[in-house]
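# Inside the fold
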Amino acid sequence: MAQEELRKEETLAMRNRLIGQSCKLFYSEDPVKIVRARGQYLFDENGKRYLDCISNVQHVGHCHPAITKAAAAQMDVLNTNSRFLHDNIVLYADRLAATLPQKLCVFYFVNSGSEANDLALRLAHQYTQHEDVVVLDHAYHGHLMSLIDISPYKFRKLAGQKEWVHVAPLPDTYRGIYREDHPNPGQAYADTVKDLIEDVHKKGRKISAFFAESLPSVGGQIILPQGYFPKVAEYVRSAGGVFVADEVQTGFGRVGHHFWAFQLQGDDFCPDIVTMGKPMGNGHPLACVATTAEIAGAFTANGVEYFNTFGGTPVSCAVGLAVLDVIVEEDLRGNAVRVGAHLKDLLTKLKARHEIIGDVRGVGLFLGIELVIDREKKTPATEAGCSVIGVCPLYIRLKEEDQICVSTDGPWENVLKFKPPMCFGMENAELVVQCIDRILTVKHLPDNYNSRTHSQKLLKYCSLTSSGVGVTLSKLSCR
């Protein structure tokens, strides 16, 4: 019997009663109830269509028929514990191996990016017999306890930094300690890691791993300077550690010209461990760790069996294989190159029209625009952004007025980020930029706009940050 659909108000009331309040909704003041989706579009209970610029999990598009067909067909035949012998897991591992450097030839299938990163930590600890980990400032690697410990984005709000975790500066050439005018920012930022390792050694401790997102996302859609990863890997390996590349957000062709974002650092660069997740199953819970035979051998040698009941099941691997097929058959990497370049170009032109846009950065369909109060000082434009576009922040107005779903990131939540499904088209890019342009153009503010009233509304709806720099966008209301 079909379940009768609840009214939106009923759904929200039940969620507030039954689901943990720390599990936040997008647009929490007025959440969107999505009941179906296709491609790059979401549809609410009234049939209203939203353009999805958020869902990097639905990598090849929502509800892609080839993916659902593959999942249903395999589910109809067999879905069982991955400890039974089956073709799908080895065929899928072989396909993944073809996308990676040759030395990354051993795979462990799991269910989520968090689980993959936790396993990567275990592999690194077992192989090196060391404990300490170097991470980048503002990093986020997952929600398990072990990953909260290596995620400054999280642990600074909780118990704080563990003695075995060491935080290196985020290699941000826009607002970091070494910027675009530095002659060699990649080397300069790598040397901060070298100095950190030396400090660790002086304390009598040893490095197990350097753990980094290939393109830091929570940090603000950061594009790392050339040469950074190879030099860091050199320093970390000299200290007896391994290099872990977290591709959970950026893998599977999102950057366009390369299948993996770490490959942006050069054809000769190869991590020791690569973790992957989100886009891998197009919404199906599928993730993986790839590593070398040597590291895998050390993990086996500890004598403790490793198994994962649901990681790499026949259905999961059938989905994974179908995703790889669609990426190739629909030339989604080529689409990321073409549409991403067009979107970046349009946003760069928009920057010339609006002083509030301090930086446009990204590659492929991984893009961000950073809003600033003052381009010279690069002060995060959280509060100024509200002042320019009305009480509602930009991402809320895009949802309310244009049915475009985007979100923000960065330490001050002032970076508008774009990580849409890979089928995102030229017309979608043009629409997004046209709408942003309209909202940021002051002449489009309401005729009855009053700066004194607006300031009072800001005080009512905006929660000042502890630094006094701006406001927390998530606290704002459109009402």
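Check the entry above for the structure.
Please read these numbers as outputs of a predicted model, since none were measured by experiment.

On to the sheet that holds strand β3 (residues 49-52). One open sheet accounts for four strands, arranged β1-β2-β3-β13; its pairing is mixed. Only two strands of the sheet have a single neighbouring strand rather than two, namely β1 (34-38) and β13 (404-405). Sheet topology places strand β2 (residues 41-44) next to β3; three bridges connect them, and they run antiparallel. From the neighbouring strand, Y41 faces β3, where its bridge partner is L51.

Going through the model one piece at a time under the given rule, you end up with 27 salt bridges. The salt bridge involving K378 is made with E180; its shortest N-O contact spans 3.8 Å. On the criterion of sequence distance, the pair formed by K378 in the loop between β12 (366-371) and α12 (382-389) and E180 in the loop between β6 (165-168) and α7 (185-202) is long-range, its members being 198 residues apart. Under the relative-accessibility criterion, E180 is labelled exposed at 53%.

It is worth spelling out the sheet that holds strand β7 (residues 207-213) at this point. The strand order β4-β10-β9-β8-β7-β5-β6 describes an open sheet built from seven strands, whose pairing is mixed. Strand pairing shows two members of the sheet lacking a second neighbour, β4 (106-110) and β6, which therefore form its edges. The sheet shows a mean angle of 20° between the axes of neighbouring strands, direction not considered. Relative to strand β10 (residues 287-291), strand β9 (residues 273-276) runs antiparallel, the two sharing four bridges. Opposite T275, over in β10, you have V289 as the bridge partner. Each of β4, β8 (242-246), β9 and β10 touches helix α9 (residues 293-301); the most contacted strand, β4, lies at about 60° to it.

What follows covers the packing of aromatic side chains. For the structure on display, the rule yields 18 aromatic pairs. It is R83 that lies over the ring of F307; its NZ or CZ is 4.3 Å from the centre. Positioned above the aromatic ring of Y153, the side-chain terminus of K157 is 4.6 Å from the ring centre.

This next bit is on helix α2 (residues 65-77). Spanning 13 residues, α2 covers 18 Å between terminal C-alpha atoms, matching the ideal 18 Å at 1.5 Å per step. All of the buried residues along α2 are I67, A71 and Q74. Projection of α2 onto a plane perpendicular to its axis shows the buried side chains occupying an angular sector of 75°, all on one side. The exposed residues of α2 that point more than 90 degrees off its buried face are K69, D76 and V77. Where α2 is buried, its residues touch α3 (87-97) and α10 (314-329).

Calculation rules
- Residues numbered from 1 in each chain as written.
- Predicted model: local features only at pLDDT ≥ 70, side-chain atom pairs only at ≥ 80, totals over all residues.
- Heavy atoms only, no water.
- Pairing = 2+ DSSP bridges.
- Helix = DSSP H or I, 4+ residues; strand = E, 2+ residues; numbered from the N terminus.
- Salt bridge = Lys/Arg side-chain N within 4 Å of Asp/Glu carboxyl O.
- Buried < 20%, exposed > 50% of the residue type's maximum accessible area, 1.4 Å probe, protein only.
- Axes fitted to C-alpha atoms, helices over the stretch in contact; angles between N-to-C directions.
- Contact = heavy atoms within 4.5 Å.
- Phe/Tyr/Trp six-rings, centres within 6.5 Å; stacked < 30°, edge-to-face > 60°.
- Lys NZ or Arg CZ within 6 Å of the ring centre and 35° of its normal.
- Expected span 1.5 Å × (residues − 1).
- Arc of directions from axis to C-beta.

Any functional reading would require information beyond the geometric quantities listed.
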